[in-house]
Amino acid sequence: MSEPEHARRAAELRALLQQHAHSYYVLDAPQIPDAEYDRLFQELEAIEAAHPELRRDDSPTQRVVGGVLDGFVAVRHAVPMLSIRTETDTEPSGAVAFDARVRRELALTDADLPIEYAAELKFDGLAMNLRYESGVLVQAATRGDGETGEDVTQNIRTIAQIPRRLHSDTPPAVLEVRGEVYIRRDDFEALNERQRALIAQGAKNEKTFVNPRNAAAGAVRQLDPAIAAKRPLSFFAYGLGEVQGWGVDNAALPATHSALLDALAAFGLPVSDERAVVQGAEGLVGFHAAIGAKRDALPFDIDGVVYKVNDRALQQRLGFVTREPRWAVAHKYPAQEQMTKLLGIDIQVGRTGKLTPVAKLEPVFVGGTTVSNATLHNEDEVRRKDVRVGDTVIVRRAGDVIPQVVGVVHDPLAAEGTRGEPFDLYQRLGGQCPVCSSPIGREEGEVDWRCTGGLTCPAQRKEAILHFAGRRAMDIEGLGDKLVDQLVDGGLIRTLPELYTLGLDKLCALDRMGDKSAANLLAGLDASKRTTLGRFLYALGIRHIGETTAKDLARHFGQLDRIIEATEAQLLEVNDVGPVVAHSVRSFFDQPHHREIVEQLRAVGITWEETEGTAVAAPEATGIAGVTGKTFVLTGTLPTLTRDAAKELIEAAGGKVTGSVSKKTNYVVAGAEAGSKLDKANELGIAVLDESALLALLQDQVA
Ligand code: IVH
């Protein structure tokens with residue numbers, strides 16, 4: 001490049017970075033992936049290093065970018081909130097280079113001992129300064145430009161993990177704790193699900209979030225604390241700001257960073273357990289590799305690890321260069337967001353008939369693997385993000401969550417006419433399921449298009465069979481996921497009635513299927529034939545027909561044929577049946593292939609008692625009574641019962657205790673410090689009991 005060209009490029013990069021920094025820090029709506037921002041930033045740094053005369057005071061390389069949003073009170077930080085140097089070399093050499101730099105600064109030779117480092121995670125959220133005075137949380141502020149941030153105390157007070165008062169009888173007079181506000185990945189997915197539901201219900205001002213960090217930033221800078229409170233924020237402490245009176249003359253201030261984090265944890269602040277004290281470059285490399293290996297399994301996003309010289313006196317000797325301490329570095333991992341080209345949009349049929357648009361991408365290395373497919377969730381989402389074939393898109397893959405297209409990188413120069421067509425799912429499929437050609441439909445108020453093929457659609461076969469065989473449906477003993485996979489994948493059954501035509505010879509030919517299990521399954525199939533109308537109806541898997549509704553329909557009509565022939569108006573006469581259910585039943589039986597399956601099932605010998613029915617539904621026994629056959633999961637510490645004692649009581653009453661929470665769990669019994677099992681129970685909507693509720697339930701059982 002010639003001289004004027006360098007100047008022109010530097011100016012261009014400054015403008016670009018400024019614009020992207022504004023989108024990122026102020027609007028919480030990034031336009032490009034972080035890795036792309038870093039690349040532009042480094043390009044500018046390189047030009048400025050080679051041509052110092054091109055350096056400008058307002059260059060993004062010269063300061064911490066950010067800004068104060070209208071509506072928050074500005075807070076001047078007592079101690080500036082700086083950032084750390086980022087090592088973008090994601091290989092072990094990145095750690096080696098940092099150690100070498102530190103040793104050089106300290107004038108150490110090979111003869112000197114290795115340096116001790118505190119190694120920790122680089123959380124991907126936003127920096128927060130929590131100010132405690134005499135142990136009480138008095139203020140929370142964002143980093144802002146590093147000198148001045150925003151007062152977000154009200155919003156931060158909604159984070160339950162952050163103590164309002166330090167756990168200490170003799171807290172420091174002033175203690176500023178620095179750390180990261182973030183959102184866990186599962187909380188983020190649940191939040192976006194909720195947002196999608198709100199949007200589907202017509203909420204105008206709602207949006208889905210690009211990634212957990214942006215969702216967290218949006219929540220923290222939400223002007224209405226009530227809204228912030230609904231966002232599932234978490235926090236990890238990693239350092240200090242101003243400190244006064246931590247012992248006389250701060251003499252109680254720990255001498256090492258690792259001891260400092262222990263002290264913060266003892267004050268009741270959340271500190272990540274994923275940290276270590278390591279020696280020298282070798283220790284850093286080991287930590288980087290170990291965390292890299294478990295990155296996907298962590299419940300939250302990290303974009304790297306951070307190394308800090310452990311000895312605080314040494315930190316002081318090393319000091320700072322402009323915006324960064326010399327004693328710390330962030331060592332990155334491969335980015336979890338990348339740009340690539342959208343080559344096409346396929347439509348996948350899910351196990352429940354849901355039609356999901358899937359992006360076909362130019363293969364791109366993101367979050368540690370090469371990705372060529374990513375979900376686009378649903379048609380509305382594609383349209384809202386205005387994603388079109390041929391666009392450059394941002395793909396995110398973090399943890400074991402499936403890769404997603406989070407947005408489009410808009411080329412400001414591209415004219416509207418040069419882009420692809422807006423996405424139209426119905427038109428794309430010509431109104432037909434791509435797997436079974438049944439009509440597709442979308443119910444009012446729902447975002448998802450679905451295949452109406454149900455029992456006949458091969459894509460839905462396995463799910464339909466599993467549901468049919470379930471405990472509350474036909475209760476076919478011995479027919480679980482693995483076997484259904486084998487039966488369907490091996491082409492042994494295509495439709496539900498074919499289940500009942502399986503013979504011993506066919507079954508025995510299956511992998512790992514002995515004579516005995518085959519005979520057991522056949523016996524289970526045989527036993528399932530004698531059932532009730534309610535169970536049979538439920539087993540058919542008609543949308544919106546749960547166990548209770550199925551029973552209500554059975555009791556009301558008494559005979560299957562009456563249900564098959566009932567008009568929507570007649571269906572509406574049934575207790576608790578509304579228009580959605582009535583419509584669903586009617587359209588299910590309107591499809592000839594569904595009637596055919598019902599006939600075939602009757603033909604293989606499935607029977608139930610039929611009655612005259614009753615126009616007035618009899619009151620139903622309440623669901624809660626009865627422990628027999630129910631599955632319990634115990635979590636946390638109960639006030640009086642030991643885990644074994646609780647288990648014994650449940651089993652004595654005919655219940656079962658298992659180790660993990662699933663859809664099949666009936667109750668979760670939670671005590672003090674219940675953890676992820678309780679979260680899972682809440683997520684799945686499973687009844688949670690405390691010890692006294694458990695005892696009451698067991699009492700009912702005996703009575
Ligand atoms: S220490 C003076 N430790 O990364 C050193 N920062 O540029 C101050 N971050 O936005 C930072 N995890 O919020 C430190 N374990 C960690 C961190 C961490 C994430 C963020 C921090 C800041 C950026 C540093």
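No experiment lies behind these values; they were computed from the predicted model shown.

What follows deals with the sheet that holds strand S23 (residues 667-670). Within the open sheet, the four strands sit side by side as S22-S21-S23-S24. Their pairing is parallel. Strand pairing shows two members of the sheet lacking a second neighbour, strand S22 (656-658) and strand S24 (687-689), which therefore form its edges. Strand after strand, the sheet turns through a mean of 35° between neighbouring axes, direction not considered.

Moving on: the pairing of strand S21 (residues 631-635). The buried fraction of S21 amounts to five of the five residues, a majority that puts the element mostly inside the structure. Here S21 shows a buried face lined by Thr631, Val633 and Thr635 and a second buried face lined by Phe632 and Leu634. Pairing of S21 with S22, which is carried by three bridges, proceeds in the parallel orientation. Within S22, the residue paired with threonine 631 across the bridge is lysine 656. Of the crossover connections in this fold, the one passing from S21 over helix H23 (residues 643-652) to the parallel S22 is right-handed. Of the strand pairs in this sheet, S21 and S23 are connected by four bridges, and their pairing is parallel. If you follow threonine 635 over to S23, its bridge partner there is alanine 670.

Right, let's talk about the site of the ligand for a bit. Neighbouring the ligand are 14 residues, the closest being Ile84, Glu120, Leu121, Glu180 and Tyr238. Contact between the ligand and isoleucine 84: an oxygen atom at 2.8 Å from a main-chain N or O atom of the residue. In this structure, glutamate 120 approaches the ligand through a side-chain N or O atom, which is 2.8 Å from a nitrogen atom. Contact with the protein chains covers 88% of the free accessible surface of the ligand, which is 520 Å². Residue assignment for the shell around the ligand shows that the elements contributing at least two residues are strand S3 (116-123) and strand S10 (302-309). When residues in the shell around the ligand are grouped by element, the largest group, four residues, is from S3.

Attention shifts here to the packing of helix H3 (residues 93-105) against helix H9 (residues 280-294). Packing of H3 against H9 brings their axes to within 9 Å, and their N-to-C directions diverge by 150°. Comparing their axes, H9 and H3 come out roughly antiparallel. Considering how the two elements wind past one another, H3 and H9 form a crossing that is right-handed. Side by side, H3 and H9 meet where Ala95, Val96, Phe98 and Asp99 of the first sit next to Gly280, Ala281, Leu284 and Val285 of the second.

Each value, and the rule that gives it
- Residues numbered from 1 in each chain as written.
- Predicted model: local features only at pLDDT ≥ 70, side-chain atom pairs only at ≥ 80, totals over all residues.
- Heavy atoms only, no water.
- Pairing = 2+ DSSP bridges.
- Helix = DSSP H or I, 4+ residues; strand = E, 2+ residues; numbered from the N terminus.
- Axes fitted to C-alpha atoms, helices over the stretch in contact; angles between N-to-C directions.
- Buried < 20%, exposed > 50% of the residue type's maximum accessible area, 1.4 Å probe, protein only.
- Right-handed = clockwise from strand over helix to strand, strands pointing away.
- Near = heavy atom within 4 Å.
- Polar contact = N/O pair within 3.5 Å; in protein donor to acceptor, adjacent residues only side chain to side chain.
- Areas by Shrake-Rupley, 256 points an atom, 1.4 Å probe, with all protein chains shown as cover.
- Parallel < 35°, antiparallel > 145°, perpendicular 65-115°, else oblique.
- Left-handed = near helix turned anticlockwise from the far one by under 90°.
- Contact = heavy atoms within 4.5 Å.

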